[in-house]
2 protein chains.
Amino acid sequence: MKIKRIVVITGNAGKMEEIKTLIGLEAIEFGYQSLDLPEIQSLDIREIGQFKTKMALTHSRLIESYDAVLTDDTALSSDALHGLPGPLIKWFLDRLGQDGLVELIKGKEDGASVSCLISLGIIKTQEIIQFEGAVTGKLVQAKGSYGFGWDPVFMPDGSVLTYGEMGADEKNKISHRALALQKLRDWLIS
Amino acid sequence: MKIKRIVVITGNAGKMEEIKTLIGLEAIEFGYQSLDLPEIQSLDIREIGQFKTKMALTHSRLIESYDAVLTDDTALSSDALHGLPGPLIKWFLDRLGQDGLVELIKGKEDGASVSCLISLGIIKTQEIIQFEGAVTGKLVQAKGSYGFGWDPVFMPDGSVLTYGEMGADEKNKISHRALALQKLRDWLIS
């Protein structure tokens with residue numbers, strides 16, 4: 001394993017712990033750093049992750065004790081809105097809330113997909129490698145109080161529960177983030 | 001007049017000419033430069049303009065022959081969408097088009113406001129000064145074929161025509177961009 005020490009760029013220690021748990025590799029040492037990095041405007045989550053991770057790499061040169069930086073991005077794309085809001089989801093939630101988001105597509109197609117992009121920036125080579133996990137489902141009236149953001153209004157295909165109705169263990173088996181981290185795990189041990 | 005030479009950051013020579021005409025000061029020399037600058041995610045047009053102009057100043061240090069860089073940003077905020085899309089309007093148009101935008105607020109409030117932000121970055125001092133022009137109105141079914149983007153679906157208060165039905169001369173008397181450039185003009189001659 002070439003990458004042994006990963007610094008998760010987040011203001012949230014809980015997120016770092018979640019990532020650590022989902023990757024589940026004892027051999028990897030995790031740390032976290034809070035960096036206020038700009039996110040660029042785009043509907044392409046990979047472009048957003050690329051820019052943010054490049055910025056993180058620039059700052060993390062100071063961090064001599066890690067092999068890689070890790071950033072994550074999320075998108076929610078509604079079929080009825082032709083792919084909007086995508087990675088711009090946080091602004092929709094900010095202004096419309098969960099209910100307003102569902103109201104926006106009332107009477108239209110309820111299909112949606114959610115993506116998690118994990119970008120790993122290798123400090124030594126400045127290379128950026130991305131791992132994406134996507135889950136299709138639909139947008140429904142808010143149900144459940146687990147999770148955060150849009151969790152209560154997204155119901156994955158093949159489930160009768162929304163993310164908001166699933167406990168962490170259940171969600172971690174199927175979620176877009178779990179899928180992305182599984183790909184990263186496979187890459188780390190290969 | 002301290003600022004005599006302004007480089008407009010745009011890929012579009014036509015835009016530079018329009019700005020030159022609207023400012024209407026013979027004493028100012030205009031040039032333009034195409035720079036592919038990232039736009040950050042925000043609903044605050046001033047924050048977006050600040051970041052972009054700072055980036056432009058960084059690049060324009062090469063340009064020894066100008067006093068200032070000029071960037072512009074546009075926002076369209078719908079009352080029914082609680083201020084969305086704001087500066088994110090281009091992504092809405094990209095995915096939904098003019099008609100999809102109007103369809104989104106069908107049966108809801110049609111009130112909207114449009115803003116133009118002109119950011120002037122002073123090369124010598126690296127200071128950024130912003131001039132904003134805003135116009136209130138409403139979103140209507142597309143009418144007219146002048147202008148571009150959302151021009152045909154925006155009807156300013158006090159007018160029976162959309163921007164898309166107005167010729168350049170008429171629009172330039174009342175538009176959000178004209179208001180912002182008028183403020184810049186006042187500042188340049190003061």
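Below: a short report on this structure. Just so we're clear, the structure is a prediction, and the values are computed from it rather than from any experiment. (Residues numbered from 1 in each chain as written. Chains lettered and ligands numbered in written order. Predicted model: local features only at pLDDT ≥ 70, side-chain atom pairs only at ≥ 80, totals over all residues. Heavy atoms only, no water.)

The relation between the two chain copies is a rotation about an axis coupled with a shift along that axis. Overlaying chain A with chain B gives an RMSD of 0.0 Å, the required rotation being 180° about an axis along which the chain moves by 0.0 Å. On the angle and the small slide along the axis, the relation comes out as a two-fold axis. Minimal C-alpha distance to the rotation axis in chain A is attained by isoleucine 40 of chain A, lying at 2.0 Å. Looking at the interface residues of chain A, 100% of them are also at the interface in chain B, so both copies use one shared face. (Least-squares fit on C-alpha atoms with pLDDT ≥ 70 in both. Contact = heavy atoms within 4.5 Å.)

Glancing now at the packing of helix α1 (residues 13-23) of chain A against helix α5 (residues 176-189) of chain A. Residue and element names in this part refer to chain A. Taken N-terminus to C-terminus, the directions of α1 and α5 make an angle of 60°; their axes are 9 Å apart at the nearest point. Considering the angle they form, α1 stands oblique to α5. Judged by the sense of rotation from one axis to the other, the crossing of α1 with α5 is right-handed. Counted together, Lys15, Glu18, Ile19, Leu22 and Ile23 of α1 and Arg177, Ala178, Leu181, Leu184, Arg185 and Leu188 of α5 form the full contact between these two elements. Taken together, the residues of the contact of α1 with α5 break down into 7 nonpolar, no polar and 4 charged. (Axes fitted to C-alpha atoms, helices over the stretch in contact; angles between N-to-C directions. Helix = DSSP H or I, 4+ residues; strand = E, 2+ residues; numbered from the N terminus. Parallel < 35°, antiparallel > 145°, perpendicular 65-115°, else oblique. Left-handed = near helix turned anticlockwise from the far one by under 90°. Nonpolar A, V, L, I, M, F, W, Y, C, P; charged D, E, K, R; others polar.)

Because an α-helix completes one turn every 3.6 residues, residues spaced three or four positions apart along the sequence face the same direction. Residue and element names in this part refer to chain B. Given a rise of 1.5 Å per residue, 16 residues ought to cover 22 Å, and the 22 Å separating the end C-alpha atoms of helix α2 (residues 45-60) matches this to within 8%. Listing the buried residues of α2 in full gives Ile45, Ile48, Gly49, Phe51, Lys52, Thr53, Ala56, Leu57 and Ser60. If you follow the buried residues of α2, they end up packed against β1 (5-9), β3 (68-78), β5 (111-122) and β6 (128-139). The backbone nitrogen of arginine 46 has a side-chain oxygen 3.0 Å away, supplied by the residue at the start of α2, namely aspartate 44. (Expected span 1.5 Å × (residues − 1). Buried < 20%, exposed > 50% of the residue type's maximum accessible area, 1.4 Å probe, protein only. Polar contact = N/O pair within 3.5 Å; in protein donor to acceptor, adjacent residues only side chain to side chain.)

This brings us to the pairing of strand β2 (residues 29-33) of chain B. All names here are of chain B. Inspection of the sheet shows β1 paired to β2 by 5 bridges, in the parallel sense. The residue of β2 that forms the bridge with arginine 5 is glutamate 29. Regarding the hand of the β-α-β motif, the stretch spanning β1, helix α1 (residues 13-23) and β2 is right-handed. (Pairing = 2+ DSSP bridges. Right-handed = clockwise from strand over helix to strand, strands pointing away.)

Often, the extent of an interface is quoted as the loss of accessible area on bringing the components together. On the side of chain B, 22 residues touch chain A, which itself brings 22 residues to the contact. Between chain A and chain B, roughly 2200 Å² of surface is buried when both sides are summed, and carbon and sulfur atoms account for 68% of that area. Its largest share of buried area at the contact with chain B, chain A owes to Gln41, Trp91 and Arg95 of chain A, together 34% of the area lost on that side. Taken together, chain A and chain B are joined by 0 salt bridges. Run the count over chain A and chain B and you get 8 residue pairs in polar contact (both at pLDDT 80 or more). For the side of chain A that touches chain B, the secondary-structure elements that each account for two or more residues are α2 (45-60) and α3 (89-104) of chain A. The dominant element in the side of chain A that touches chain B, judged by the number of residues it contributes, is α3 of chain A, at 7 residues. Among the residues forming the side of chain A that touches chain B, the class breakdown is 13 nonpolar, 4 polar and 5 charged. (Buried area = accessible area lost by both parts, 1.4 Å probe. Salt bridge = Lys/Arg side-chain N within 4 Å of Asp/Glu carboxyl O.)

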